[in-house]
Amino acid sequence: MTITETASRNKFGTSFDKYALEYDKWFDKHENQYQSEILALREAIPKDKIGIEIGVGTGRFAQPLNITSGIEPSANMIQLAEQRGIKVFRAVAENLPIENDSYDFALMVTTVCFLNNIPKAFSEIHRILKPNGEIIIGLIDKNSELGKKYRQQKNTNKFYKTAHFHSTSEITELLSNSGFGKFSFWQTLTPENGNIIEQPQSGFGKGSFVVIKSIKTLKT
Ligand SMILES: C[S@@+](CC[C@H](N)C(=O)[O-])C[C@H]1O[C@@H](n2cnc3c(N)ncnc32)[C@H](O)[C@@H]1O
């Protein structure tokens, strides 16, 4: 079955389903942005631990970060992720088909803005993490230069028209409310650096792409 045929049968029919190949090729056209984001995420990913990416898409981040499991609702995105060697469960973040205390860490990259219910998703991720497990979130901060650009283009961009962008502080507060603590932050894609492969900096407020790492603390 071709990707287009699968899309027409797909109950999760979204832009990601319809334009999965186009989404995937974006990374080839924006190599420096992509590599900068990978470098920032690497700062947060723990060594020799087992993780899962929630909203794994086509596996563009899971593969270089050695994450071999994912959650993804779109069948066509899954097809491409599987070609990259990722085992993907077809599901949404708000209802994970995963047992309690299963993973050392969970990654979520530019997916939080597409969730229907962020507290429910964070509660589910809290449940599937082992004690002291880590959640790692990569996002475009809505107040950053790129965040403002994406918000301006929202209605004309096929991928971002359904997105609800957030600030780093808003996501940090939602994580705190879901039983996560001990926060660390890294940032990249700082406007003054232009289009280069950039070394990440700690903190947030300057770079458009922010990585938040937080540890499962309280029981929710
Ligand atoms: C911008 S893409 C990011 C994909 C991948 N993480 C990456 O960075 O390339 C957002 C992904 O979130 C998925 N998605 C949308 N709603 C979701 C939900 N409720 N739970 C999990 N994933 C979701 C979409 O199908 C899409 O693959």
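This is a predicted model, so every value here is computed, not measured.

Undergrad: It is not clear to me how the confidence of the model for the protein chain should be interpreted in this structure. Could you clarify?
TA: Low pLDDT means the predicted atomic positions in that stretch should not be read closely. Looking at the protein chain as a whole, its pLDDT mean stands at 93, while 93% of the residues score no less than 70. Here residues 1-12 scores under 50 on pLDDT; set against residues more than four positions off or in separate chains, the count is 17 contacts.

Undergrad: Can you walk me through the sheet that holds strand β1 (residues 51-54) in this structure?
TA: Backbone-to-backbone hydrogen bonds join strands into a sheet, with any given pair of strands oriented parallel or antiparallel. Spatial ordering of the open sheet is given by β3-β2-β1-β4-β5-β8-β6-β7, a layout of eight strands whose pairing is mixed. Single-partner strands in this sheet number two, and they are β3 (87-89) and β7 (201-202). Contacts from helix α4 (residues 31-44) reach β4 (103-109), β5 (129-140), β6 (180-188) and β8 (209-216), with the element oriented near 150° to β6. Along the sheet face, helix α6 (residues 118-128) touches β1, β4, β5, β6 and β8 and points at about 140° away from the line of β5.

Undergrad: Which parts of the structure should I look at to understand the site of the ligand?
TA: Not every one of the 21 residues close to the ligand is listed here, only the nearest: G55, G57, V92, A93 and V109. Broken down by class, the residue content of the shell around the ligand amounts to 12 nonpolar, six polar and three charged.

Undergrad: Help me understand the nonpolar core in this model?
TA: Taken as a class, soluble globular proteins show a tendency for nonpolar side chains to be buried jointly. Formed by 54 residues in total, the largest nonpolar core has its most connected members in A106 and V211. Apart from residues lying up to four places away in sequence, A106 is in contact with G51, I52, I54, I125, I128, L129 and I135.

Undergrad: Can you help me understand the pairing of β8 in this one?
TA: Both faces of the sheet carry side chains from a regular strand, because those side chains alternate between them. β8 sits mainly inside the fold: seven of its eight residues count as buried. Of the pairings in the sheet, the one linking β5 to β8 comprises seven bridges and is antiparallel in character. Among the inter-strand pairings, G138 is bridged to a residue of β8, identified as V211.

Undergrad: In this structure, what is going on with the packing of α6 against helix α8 (residues 168-177)? I would like to understand it.
TA: Axes are the key here: two packed helices are described by the angle between their axes and the distance separating the axes. For the pair α6 and α8, interaxial distance at closest approach is 9 Å and the crossing angle is 55°. Regarding the angle of α6 to α8, the classification is oblique. When you trace α6 past α8, the crossing you get is right-handed. Contacts from I118, P119 and F122 of α6 reach α8 at L174, L175 and N177.

Undergrad: Looking at this structure, I do not really get the pairing of β6. What am I missing?
TA: Two elements, β6 and β8, share seven bridges in a ladder whose sense is antiparallel. Counterpart to T188 in the pairing with β8 is F209. In the sheet, β6 pairs with β7 via two bridges, with the strands oriented antiparallel. Note that in β7 the partner of W186 across the bridge is S202.

Undergrad: Sorry, what's going on with α6 here?
TA: Because each turn of an α-helix spans 3.6 residues, side chains separated by three or four positions in sequence point in the same direction. Buried within α6 we find I118, A121, F122, E124, I125, H126 and I128. Check the buried side of α6 and you find it contacts β1, β4, β5, α8, β6 and β8.

Criteria and thresholds
Residues numbered from 1 in each chain as written. Predicted model: local features only at pLDDT ≥ 70, side-chain atom pairs only at ≥ 80, totals over all residues. pLDDT = per-residue confidence, 0-100. Contact = placed C-beta atoms within 7 Å. Pairing = 2+ DSSP bridges. Helix = DSSP H or I, 4+ residues; strand = E, 2+ residues; numbered from the N terminus. Axes fitted to C-alpha atoms, helices over the stretch in contact; angles between N-to-C directions. Near = placed C-beta within 6 Å. Nonpolar A, V, L, I, M, F, W, Y, C, P; charged D, E, K, R; others polar. Core = buried A, V, L, I, M, F, W, Y, C linked by C-beta atoms within 7 Å. Buried ≥ 20, exposed ≤ 12 C-beta atoms within 10 Å, placed from the backbone. Parallel < 35°, antiparallel > 145°, perpendicular 65-115°, else oblique. Left-handed = near helix turned anticlockwise from the far one by under 90°.

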